Amino acid sequence: QAKSQGRNTYRYYTESLTRAANARLSLESRLRRALEREELVLHYQPQVDMRTSRVTGVEALVRWEDPDAGLIPPDRFIPLAEETGLIIPLGAWVLASACRQLQAWIEAGAPPLTLAVNLSSHQFAQPDLAMHIGHELQLTGLPPELLELELTESTLMQHDRRGMETLEALRALGIALSIDDFGTGYSSLAYLKQLPIDKLKIDKSFVQGIPEDRNDAEIAATIIAMARNLNLRVLAEGVETEAQRDFLRRAGCDAYQGYLFSRPLPGAAFARQYLR
Ligand code: C2E
Ligand code: MG
Ligand code: MG
Ligand code: MG
């Protein structure tokens, strides 16, 4: 009795494992196909200067437009792409498309906004990353000074030594570097000081509680003070209310991004609203 029950449990376990593996496999092959069929799209979220309230930059954020499932957010497929290595062609597509889009806007008369693109850990580990990006910039004609790459603290920590060489090589091309989701990792001041970076992006989890949550407000203010001491620019992400924006502005934050100003928009809508 106990033995057969054990066997049933075992069978149940392997069946559910198989189901999970199949679901994952189909997601993977669907994503692979989506990449080939160009079913990925970029949305663009404005980055706003705190003092002038003008749009000075834009972050490209990928979405998957599945014919059946609709618009799938990146949190649902970037981790899988990262695990399977698909992130390399996917990331290359994002970079090329975003650079091409910004260059097209500029050629059509838009002001020279900066373009922020997210880089995953796997992409950052590629030894020829800087060369590839340099080539892409040449192809599109986008000035390297307008490109900004976003890396998380954990990505930076994972690739300590060779990562530094990649950062230097990107910097040498004229590209700006920022740390995304700042405050959620474990970067020490000593570590930060050595990195050739230009900007910190305060993670939205700290912005959310401002101004009522004293801890969140204190952490955000501390990050801003730290950035200023290190001569880094600082942008707050996930700003949804005027109270949050006003607090951050008073604390000395340079720029913000968030639903208060605008959600990420499809390219055409972004151009219509912000590039005239
Ligand atoms: P992230 O780079 O930290 O991007 C910020 C996320 O916050 C975006 O989610 C954005 O839509 C969302 N957001 C913006 N303003 C607000 C706000 O006021 N309130 C709230 N609650 N959220 C706001 P999204 O587009 O779903 O992207 C999620 C994450 O997926 C990104 O976080 C980034 O880590 C990753 N991701 C997106 N596109 C790419 C990409 O092209 N390549 C890679 N490697 N990762 C990407
Ligand atoms: Mg980002
Ligand atoms: Mg972020
Ligand atoms: Mg994030």
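Report follows, based on the coordinates. Model, not experiment: these values are computed from the prediction. (Residues numbered from 1 in each chain as written. Chains lettered and ligands numbered in written order. Predicted model: local features only at pLDDT ≥ 70, side-chain atom pairs only at ≥ 80, totals over all residues. Heavy atoms only, no water.)

1. Here's the deal with the overall build of the chain
Threshold: Numbering of helices and strands runs from the N terminus; a helix is a DSSP stretch of H or I covering at least four residues, while a strand is a stretch of E covering at least two. Exposure classes here rest on a 1.4 Å probe applied to the protein chains alone. A residue is buried below 20% of its type maximum, exposed above 50%, and partly exposed in between. Should any heavy atoms of two residues lie within 4.5 Å, those residues are counted as being in contact. Shrake-Rupley sampling with a 1.4 Å probe provides the accessible areas, and residues are treated as covered by the protein chains on show and by no other component. Positive charges are assigned to Lys and Arg, negative charges to Asp and Glu, while His and the chain termini are left out of the count. A charged residue contributes its charge at one atom only: NZ of Lys, CZ of Arg, CG of Asp or CD of Glu.
A tally of helices and strands in the chain yields 12 helices and 10 strands. Counting only residues that meet the buried cut, the chain has 47% of its 276 residues in that class. Pairs at least 24 apart in sequence give 67% of the contacts found in the chain among residues at least 6 apart. For the chain, the accessible surface area stands at approximately 14600 Å², while carbon and sulfur atoms represent 51% of it. Distance between charge centres in the chain, computed from 30 positive and 36 negative side chains, equals 3 Å.

2. Quick notes on unusual backbone geometry
Here the residue pair I210 and P211 is connected by a cis peptide bond, since its omega of 0° sits within 30 degrees of zero. With respect to the helices, strands and loops of the structure, P211 is situated in the loop between α9 (204–208) and α10 (214–229). Even without being glycine, E38 reaches a positive phi, approximately 55°. Tracing the backbone shows E38 in the loop between α1 (2–36) and β1 (40–49). A residue is classified by how much of its surface remains accessible, and E38, at 56% relative accessible area, is exposed.

3. Concerning the nonpolar core
Heads up, the condition is: Take the buried residues of types Ala, Val, Leu, Ile, Met, Phe, Trp, Tyr and Cys, join any two whose side-chain atoms come within 4.5 Å, and each joined set is a nonpolar core.
Core analysis: the largest hydrophobic core is formed by 77 residues, its most contacted members being L115, L149, L200 and L248. For this core, the element with the most residues is helix α3 (residues 87–107), which contributes nine residues.

4. Regarding the site of ligand 1
Put simply, the rule is: We call a residue near a molecule or strand when any one of its heavy atoms sits within 4 Å of it. As used in this structure description, the phrase polar contact means that two N or O atoms lie within 3.5 Å; if the pair is within protein, one of them must be able to donate a hydrogen and the other to accept it, and residues adjacent in sequence are counted only when both atoms belong to side chains. Of the two site types, the cavity is a set of points on a 1 Å grid over the protein atoms alone where a 1.4 Å probe fits but cannot get out, and the pocket is an open set with protein on both sides within 12 Å along at least five of seven lines, each lined by residues with an atom within 4 Å of a point. Occupancy of a cavity or pocket is assigned to a molecule whenever over half of its atoms lie within 2 Å of that pocket's grid points. Under the scheme applied here, ten amino acids are nonpolar (Ala, Val, Leu, Ile, Met, Phe, Trp, Tyr, Cys and Pro), four are charged (Asp, Glu, Lys and Arg), and all others, including Gly, are polar.
Inspection of the region around ligand 1 gives 22 residues, with R63, N118, D180, E240 and Y259 positioned closest. Between ligand 1 and Q45, the relevant distance is 3.0 Å, taken from a nitrogen atom to a side-chain nitrogen or oxygen of the residue. Contact between ligand 1 and V62: a nitrogen atom at 3.2 Å from a main-chain N or O atom of the residue. Out of a free accessible area of 800 Å², ligand 1 has 87% covered by protein chains. For ligand 1, the cavity whose grid points lie within 2 Å of the majority of its atoms is the largest pocket. If you tally residues by element for the shell around ligand 1, the top one is strand β2 (residues 55–66), at four residues. When the residues that make up the shell around ligand 1 are grouped by side-chain class, the tally is eight nonpolar, five polar and nine charged.

5. Here's the deal with α10
Our working definition: By definition here, a helix of n residues has an expected span of 1.5 Å times n minus one.
Across its 16 residues, α10 extends 22 Å between first and last C-alpha, which sits within 8% of the 22 Å expected from 1.5 Å per residue. All buried positions along α10 are accounted for by D216, A217, A220, I223, I224, M226 and A227. Here the buried face of α10 lies against β6 (176–182), α8 (189–194), β7 (199–202), α9, β8 (233–236) and α11 (242–250). At the N-terminal boundary of α10, the capping side chain belongs to D213, with an oxygen 2.8 Å from the backbone nitrogen of N215. Among the residues trailing α10, N231 stands out with phi positive, at a value near 60°.

6. As for the pairing of β6
To keep it simple, the criterion reads: Pairing between strands requires that DSSP locate at least two bridges from one strand to the other.
Of all seven residues in β6, six are buried, a share of seventy percent or more. The sheet contact formed by strand β5 (residues 147–152) and β6 spans five bridges and is parallel. Its bridge partner lying in β6, T152 is registered against D180. Examined bridge by bridge, β6 and β7 share three bridges and lie parallel to one another.

7. A look at the coordination of the magnesium ion (ligand 3)
For clarity, the cut-off: As a rule, N, O and S atoms within 2.8 Å of a metal are its donors, except that Na, K and Ca use 3.2 Å; water is not among the atoms, so sites may look incomplete.
Every protein donor of the magnesium ion (ligand 3) is listed here as D180 (OD), D181 (OD), E237 (OE) and E237 (OE), and their distances to the metal cover 2.1 to 2.4 Å. In the primary structure, the donors to the magnesium ion (ligand 3) are separated according to the pattern D-D-x55-E. In this structure the magnesium ion (ligand 2) is found 4.2 Å away from the magnesium ion (ligand 3), and D180 serves as a bridging donor for the pair. Classification of D180 as buried rests on a relative accessible area of 7%. In this structure D181 comes out as partly exposed when scored by relative accessible area, which is 25%.

8. Some words on the pattern of salt bridges
How we decide: Salt bridges are defined as contacts in which a side-chain nitrogen from Lys or Arg sits within 4 Å of a carboxyl oxygen from Asp or Glu.
Applying the stated rule across the entire model yields eight salt bridges. Two residues, R32 and E28, come together in a salt bridge whose shortest N-O distance is 2.9 Å. Taken as a pair, R32 and E28 lie in helix α1 at a separation of four residues, close to a single helical turn. We classify E28 as buried; its relative accessible area is 15%. Among the salt bridges present, the one from R245 reaches D246, with a minimum N-O distance of 3.4 Å. In this structure R245 comes out as buried when scored by relative accessible area, which is 17%. Here D246 falls in the partly exposed class, since its relative accessible area comes to 25%. Salt bridges linked by common partners bring E59, E150 and K201 together as one network.

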